[in-house]
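Results of the structural survey
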Amino acid sequence: MNEYGPDLFKGTAVYYSKYRPQYPSSLIRFLIQKFSLNGEGRLLDLGCGTGQLGLRFSDWFEEMIGVDTESGMLEEANRLSKIHRIDNVSWMLGRAEELQNVWGSFRLTILAKAFHWMDRSSILEILYHSSDNNGGLVIIDTFNVGQEPLSWQLKVNEVVKRWLGNERIAGDSIYTHPKERHEDIVARSSFKDVERLILPSYSVTWTVDSILGNLYSTSYASKRLFGDHLERFEADLKSSLLEIEPTGKFTEVLSVSVITALKKEAKSQ
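Residues numbered from 1 in each chain as written. Predicted model: local features only at pLDDT ≥ 70, side-chain atom pairs only at ≥ 80, totals over all residues. Heavy atoms only, no water.

Description of the overall build of the chain
Helix and strand content of the chain: 9 helices and 10 strands. Considering the chain as a whole, with its 269 residues, one finds that 52% of them fall into the buried category. Within the chain, residue pairs in contact and separated by at least 24 positions form 80% of the contacts whose partners lie at least 6 positions apart. About 13,700 Å² of surface is accessible on the chain, with carbon and sulfur atoms providing 48% of the total. (Helix = DSSP H or I, 4+ residues; strand = E, 2+ residues; numbered from the N terminus. Buried < 20%, exposed > 50% of the residue type's maximum accessible area, 1.4 Å probe, protein only. Contact = heavy atoms within 4.5 Å. Areas by Shrake-Rupley, 256 points an atom, 1.4 Å probe, with all protein chains shown as cover.)

Take a look at the structure:
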């Protein structure tokens, strides 16, 4: 397993909160129903980033804890929670391995686009012991329904590689995608009733500026990685995208993958 440093998402928080697509309301409704959320108990948002998902559950828990290893992400999360007057959330800086003895127990833990950065087997064991007896776990990600990248996405990848090289940067190291599927790792853990569901697809419309902003929210194309070449990179990407689509509007169809698991097996009806 790669060990990724604390600067993985350094300088990305503002772009993360502004340009990462919001999860659809269907995801919120599904989790409320799946875990019978009723305003009781505590939520753990592990790898919370700027809290863009966790904050949407403020009415469904007594207390929420967001945990991340990047202080800039938590500063932005705190700013957003104050703007939206959400007062039942607190933010903790650090890793699960460091915080497991102080963060208490949880009705539900969510990991949204974060699990692949972690030592997954170890994290699952920590989360199992941090779960209430009726607690659960959900691992969330989005992906392109068409599987194959769209022409404009291929062009974005091509331009980024032209300026940053062929290897996918992960902060100050190189990203290696996990070989084993998340659901298989969870199925081997102490959690029970592991299921994976794909929610109905939805459409996201991008502009050249939002594509750039989204890139700057990532570990592999954050602004700091371009150094003195930033302006030339932006000009290159903009002209390349407008050659493909002169209107500057690009559409992507996404789906949400949801892996759920329970601490105890559900009672048969």
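The structure having been displayed, the exposition proceeds.
Describing the environment of Lys223
Structurally, Lys223 can be placed in the loop between α8 (208–215) and α9 (230–244). A residue is classified by how much of its surface remains accessible, and Lys223, at 31% relative accessible area, is partly exposed. Distance in space between the C-alpha atoms of Lys223 and Leu212 is 9.7 Å, their sequence separation being 11 residues. The residues contacting Lys223, other than those within four sequence positions of it, are Tyr15, Tyr216, Leu230 and Glu234. A polar contact of 2.7 Å, which involves the side chain of Lys223, links it to the side chain of Tyr15. (Polar contact = N/O pair within 3.5 Å; in protein donor to acceptor, adjacent residues only side chain to side chain.)

Let's talk about the environment of Leu93
Counting through the fold element by element, Leu93 comes out in strand β3 (residues 89–93). For Leu93 and Asp68, which are 25 residues apart along the polypeptide, the C-alpha to C-alpha distance reads 5.4 Å. Discounting residues that sit within four places of it in the chain, Leu93 has contacts with Asp68, Thr69, Glu70, Ser71, Leu74 and Leu99.

Topic: the packing of α8 against α9
It is at 10 Å that the axes of α8 and α9 come closest, and there the two elements cross at 135°. One finds that α8 runs oblique with respect to α9. Between α8 and α9 the crossing geometry is right-handed. Where α8 abuts α9, its residues Val208, Asp209, Ile211, Leu212 and Leu215 lie against Phe233, Glu234, Leu237, Lys238, Leu241 and Leu242. (Axes fitted to C-alpha atoms, helices over the stretch in contact; angles between N-to-C directions. Parallel < 35°, antiparallel > 145°, perpendicular 65-115°, else oblique. Left-handed = near helix turned anticlockwise from the far one by under 90°.)

Some words on the side chain of Thr50
Tracing the chain through its elements places Thr50 in the loop between β1 (42–46) and β2 (63–68). Ignoring anything within four residues of it in the chain, the contact list for Thr50 reads Ala13, Tyr16, Ser17, Leu55, Met73, Glu76, Ala77 and Leu80.

Brief notes about the packing of helix α6 (residues 151–164) against α9
Across the interface, α6 lies against α9 with an axial gap of 10 Å and an inter-helix angle of 155°. The pairing of α6 with α9 is recorded here as roughly antiparallel in orientation. α6 and α9 meet at a crossing whose hand is right-handed. Mapping the contact onto sequence places Ser151, Trp152, Lys155, Val156, Val159, Val160, Arg162 and Trp163 in α6 and Arg232, Phe233, Asp236, Leu237, Ser240, Leu241 and Ile244 in α9. Of the residues contributing to the contact of α6 with α9, the split by class is 9 nonpolar, 2 polar and 4 charged. (Nonpolar A, V, L, I, M, F, W, Y, C, P; charged D, E, K, R; others polar.)

Focus on α8
Among the 8 residues in α8, 7 count as buried, and that is most of the element. Residues Val208, Ser210, Ile211, Leu212, Gly213, Asn214 and Leu215 constitute the buried set of α8. In the core, the buried residues of α8 are packed alongside α1 (13–19), α6, β9 (202–207), α9 and β10 (249–262).

Description of the nonpolar core
Note on soluble globular proteins: their nonpolar side chains tend to be buried together. Leu27, Leu53, Phe57, Ile140, Phe233 and Leu237 are the most contacted members of the largest nonpolar core, which totals 51 residues. With near-sequence residues (within four places) excluded, Ile140 lies in contact with Tyr23, Leu27, Leu31, Leu53, Leu111, Ala112, Lys113, Val256 and Ser257. Membership of the second largest hydrophobic core comes to 25 residues, among which are Leu44, Ile123, Ile126 and Ile259. (Core = buried A, V, L, I, M, F, W, Y, C linked by side-chain atoms within 4.5 Å.)

A few points about α6
With 14 residues, α6 extends 20 Å between its outermost C-alpha atoms, agreeing within 8% with the 20 Å of an ideal straight helix rising 1.5 Å per residue. Buried within α6 are the following residues: Trp152, Gln153, Val156, Val159, Val160 and Leu164. Take α6 and look down its axis: the buried residues cluster within an arc of 125°, on one side only. Taken from the residues just after α6, Gly165 is the one with a positive phi, measuring 100°. (Expected span 1.5 Å × (residues − 1). Arc of directions from axis to C-beta.)

Read these as spatial facts, not as claims about activity.
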